[in-house]
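What the coordinates show
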Amino acid sequence: MRRPSARYLLPAAAVLLIASCSTNKDAFLNRTFHRLTSRDNGWFNANEKLKETVAAMQKAHVDDYDEVLPIFVNGTEEEARAMVPELEICIEKCATVIDRHSMEIGGKEKNAWIDDAWFVIARSNFYKRNYYDASRTFDHISRRYKGEDRQMESKLWLARSSIELEQYAKAQTTLDEIKNQKQLPKRFPADQLSAVQADLDIHRGKVDEAITSLEHAVSITKTKADRIRWTFILAQLYQLKGRQDKAIAAYAKVTRMGPPYELGFHAQVFQALALSHGNTKAIRQKLTRMLRDEKHKDHYDMILYALAELDLRDNLRGDAISHLKLSTRASTLDTRQKAKSFLKLADLYFDDKQYPSAQQYYDSTSTLLSEENPRYNEVLTRADVLGDLVVQLNIISREDSLQAFAKLDPAEREKRVRELIRERERQEAEQQQAAADAREVLAGTPLTPSKPGNAGSGGAWYFYNPTQIARGLSDFRKKWGNRPNDDDWRRADKSGTALVDIAEEEMEDLGTASASNGESEPEWKKPESYLKDIPTDSAMLDSSNARICQALYLSGMIYKEKLKDVDNAIESFQVLNERFDDCRYTPESYYQLYRIYLAKEQAGNFMDFGGSSSQHYAEIILERWPGSEFARLVRNPDQLQADEAARLAEDQAYQELYSQYKMGAFQGVIATCDGMLANEPDNHLLPKYGLLKAMAIGNLHLLGPFRDALTHVRDKWPGSDEAKAASALLAGLDQGSGSGTKTGETETGPAYTPAKGEHYVIIIVPDSAGPMTRITAAISDFNGRFFRNQGIEVRTSIWSPGSQVVLIRLFQTKEQAMTYYDLFKNNKGDLGGINDQGYPLFAISSGNYTPFYNAKDTAGYSSFFAGNYLKGK
């Protein structure tokens, strides 16, 4: 039999191939072609890339062990931004699969891989933290592809998206729908269902329910990594509920599972911290053995912290402080742990009323503590308050030292000065020796390259060698923590104390100046520099006593009002009264003692054993200062409460008016402020009313009156916070308008309206920034990398003779525009030289853009943008 010729077979195959490409024919050949092409070309590659991208993120993710670990590692905002380019590729590939290979015939999808493609798109949006789009896509899959493999799994991810959006009721409803199914798909991840339920319970604060769900998830999961992580979280939840025995057992179980190093290490340490009773000897021995293990070197600080916690449980407070100090010195890269150790030390010293030491550690804590920490504001407040107290205590110490120095005979005084100079010389010699030793070490290390720029070699110059830089950074952090890049960063208090501080700080600048002028001897070596502030005559002594009197009073008020430490407050006021019979603050000091003892008596828990009573101090005030304000308040103790009630009423009235301002009732706010400023000259909030009036005028876009109102606030109440704010706003207006507008000139800007529909993002760039083609190309590259599937256009228009506006469009919603705005603003690689130069950058609705562009109203729209788009950012 004669075989068919190839010239006939090839055309026939081509015809069959072309016929199979049709998505409208429900034939075996068509279904097979599109399914294979969907699976092997588009979906497989996208799914693998998604898995690799997420796995890389999760591997690099650093958990915060101070909190209950998240059940699922979804990534932070920064991690999500880093994944966007890869996730956009996944979305694009699967969108192509759906566009080219979907076979919807007779209302039913004939290509079994289309729901899988949608599933990759939805998960990509989820990991981009674009939870709204992810939710819509998961919901589409679960409704459109009923009975398919991905339906129930999409519901599970829909619940996860709802949790991230804090739509907890919707998440629970979705989970209940899954649980109520008579039969779930064979490959449905039942362990994930229980884990998502536990995640939802944790977010809702239902810890007991979360424990039950997570215990079930651990018992059925076949994934080792999930079993280890979830068991660790179970231990944390047990500990949260006070079930210490179960927590200890769970942590011990984690250590036997072969966990990753960090998880295993923290399980061992947390096991020690969970011990609330019984003999601590065995756990101490275990922690001590861990200190001897070199592999735990970067975590010595945490081990020492755990030992300190055991010390506190055994009432060994001194040992606890020693271990905590060792912890801060042993800390290398874990700034969170260093902050915890500093904070624990600060709290211990604060509880013991050792305020100077507490202030130092609160100050150190504030440089390291995350702003998200629940105690962040408390730490800042305590550091600030104690800083004020330490300043006053240092003034007292310094002036007492100077006065004691003045009482010495000249020979003894010179002897003491020489001792101070010798001590300073010893310190200088130690510093020079340390510097020499460091140079010796560097000289023995081959750090200098034969040619600069050989960054990869071990002999690279220090600043070209990343290993050496990392080591230097580690050493710096080990000693100082993450200090801001500021001048005088080593000084928490620059006020100086006593004679040693005069030598070490005040003379430091003079020594530098003398050296620069060619003098051979630094100022601190000159005995006369130590003697210039000593009160050698009555006028200087009076000034010194006045400073001590004021510092005693201010420290007493800090104790009383800010620290609620009445015992130290009483001591400060009593010392003031004993030392200074009639200084400026003596009447106030007696009155404060009167108020303290009156409060004690009214509380009903005070007995007078030594004449210290409110009556005692009232009699002194009435006798010595009968016509004073303090005497008036003593005669009528309720007057202070009446004055305070009046202030509270004024505060409430202002808050009500401010609420009207936030609701946009600017005309009414202006009228009320005018009445208040004219009719209530004694109101303690007049500067606030003045500034509020100015801000209301500004929101009406009346530029001339806005300037006038701000100028009035600045000149009427100089030195106030409101005057400083007004000055800053005036400076901003001048900068935004270039030459500015003359005071009294009235300009009415456009009236902008809030909108949620179509939006643009704009940036105004000066011609000095370089060729506009370079800038638009960089923005287009950024768009292609992060928003490749959204068809974003970049256009430019003339803004002024020296600048252009770049218009980036089109975003369907305000939220999409702000997502772009945030990513654009925070990008650190693609947009260098564009987004880091302070150029005006806004999101703006299509309706507001035309009046904004016509009026060139940068200052006016900047205010509108801040109030309507950046709240909470």
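If you're wondering where the values come from, they're calculated on a predicted model, not measured in any experiment. (Residues numbered from 1 in each chain as written. Predicted model: local features only at pLDDT ≥ 70, side-chain atom pairs only at ≥ 80, totals over all residues. Heavy atoms only, no water.)

1. So, the packing of aromatic side chains
What counts, and what does not: When two rings of Phe, Tyr or Trp (its six-membered ring) have centres within 6.5 Å they constitute a pair, described as stacked for plane angles under 30 degrees, edge-to-face for angles over 60, and tilted for the intermediate range. Secondary structure elements are defined from DSSP: runs of H or I of at least 4 residues count as helices, runs of E of at least 2 residues count as strands, and each element is numbered from the N terminus. The cut-offs for exposure are 20% and 50% of the maximum accessible area for each residue type, with area from a 1.4 Å probe on protein chains only; residues under the lower value are buried, those over the upper are exposed, and the others partly exposed.
Within the structure shown, the criterion is met by 52 aromatic pairs. With centroids separated by 5.0 Å and ring planes inclined at 45°, the aromatic side chains of Phe787 and Tyr820 adopt a geometry described as tilted. Within this pair, whereas Phe787 is found in the loop between helix H33 (772-786) and strand E4 (793-800), its partner Tyr820 is found in helix H34 (residues 814-826), the two being separated by 33 residues in sequence. The pair formed by Phe787 and Tyr820 is uniform in burial state, with each residue classed as buried.

2. Observations concerning the state of the cysteines
Test applied: When two cysteine sulfur atoms lie within 2.5 Å, the pair is treated as a disulfide.
Within this structure, the stated rule accounts for 1 disulfide. Through a disulfide, Cys549 is tied to Cys583; the S-S separation comes to 1.8 Å. You can see Cys549 sitting in helix H23 (residues 538-562) and its partner Cys583 sitting in the loop between helix H24 (566-579) and helix H25 (586-603), a full 34 residues away along the chain. Exposure class is identical for Cys549 and Cys583. Each is buried. Of all cysteine sulfurs, the one in Cys94 lies closest to Cys90, which takes part in no disulfide; the gap is 7.1 Å. Accessibility expressed as a relative area gives 0% for Cys90, which makes it buried.

3. Observations regarding the packing of helix H4 (residues 114-127) against helix H5 (residues 131-144)
Filter applied, for reference: A fitted line through C-alpha atoms represents every axis, and for helices the fit uses only the stretch in contact; the resulting angles, taken between N-to-C directions, go from 0 to 180 degrees. Any angle that is under 35 degrees is reported as roughly parallel, and any over 145 degrees as roughly antiparallel; angles of 65 to 115 degrees are reported as roughly perpendicular and all others as oblique. Each crossing is labelled by how the near helix is turned from the far one, with a counterclockwise turn of less than a right angle marking it left-handed and a clockwise turn marking it right-handed. The criterion used for residue contact is that any of the two residues' heavy atoms lie within 4.5 Å. Under this grouping Gly is polar, as are all residues other than the nonpolar Ala, Val, Leu, Ile, Met, Phe, Trp, Tyr, Cys and Pro and the charged Asp, Glu, Lys and Arg.
Two elements in contact, H4 and H5, have axes separated by 7 Å at closest approach and are oriented at 160°. Between H4 and H5, the angle is such that the two are roughly antiparallel. For the crossing formed where H4 meets H5, the hand is left-handed. Residues Asp115, Trp118, Phe119, Ala122, Arg123, Asn125 and Phe126 of H4 form the contact with H5, whose own contacting residues are Tyr131, Asp133, Ala134, Thr137, Phe138, His140 and Ile141. Classifying every residue of the contact of H4 with H5 gives 8 nonpolar, 3 polar and 3 charged.

4. Some points on H33
Formally: In a helix, the anticipated span is given by 1.5 Å times the number of residues less one. It is the directions from the helix axis to the C-beta atoms whose arc is reported.
The end-to-end C-alpha distance of H33 is 21 Å, a good match for the 21 Å that 15 residues give at a rise of 1.5 Å each. Here H33 has its buried residues at Met772, Ile775, Thr776, Ala778, Ile779, Phe782, Asn783 and Phe786. Within H33, the buried residues cover an arc of 155° as seen down the axis, which keeps them to one side. Those residues of H33 that are exposed and aimed more than 90 degrees away from the buried face are Thr773 and Asp781. Looking at the buried positions of H33, the neighbouring elements they touch are helix H3 (77-101), strand E3 (759-766), E4, strand E5 (803-811) and H34.

That's the geometry; what it means functionally is another story.
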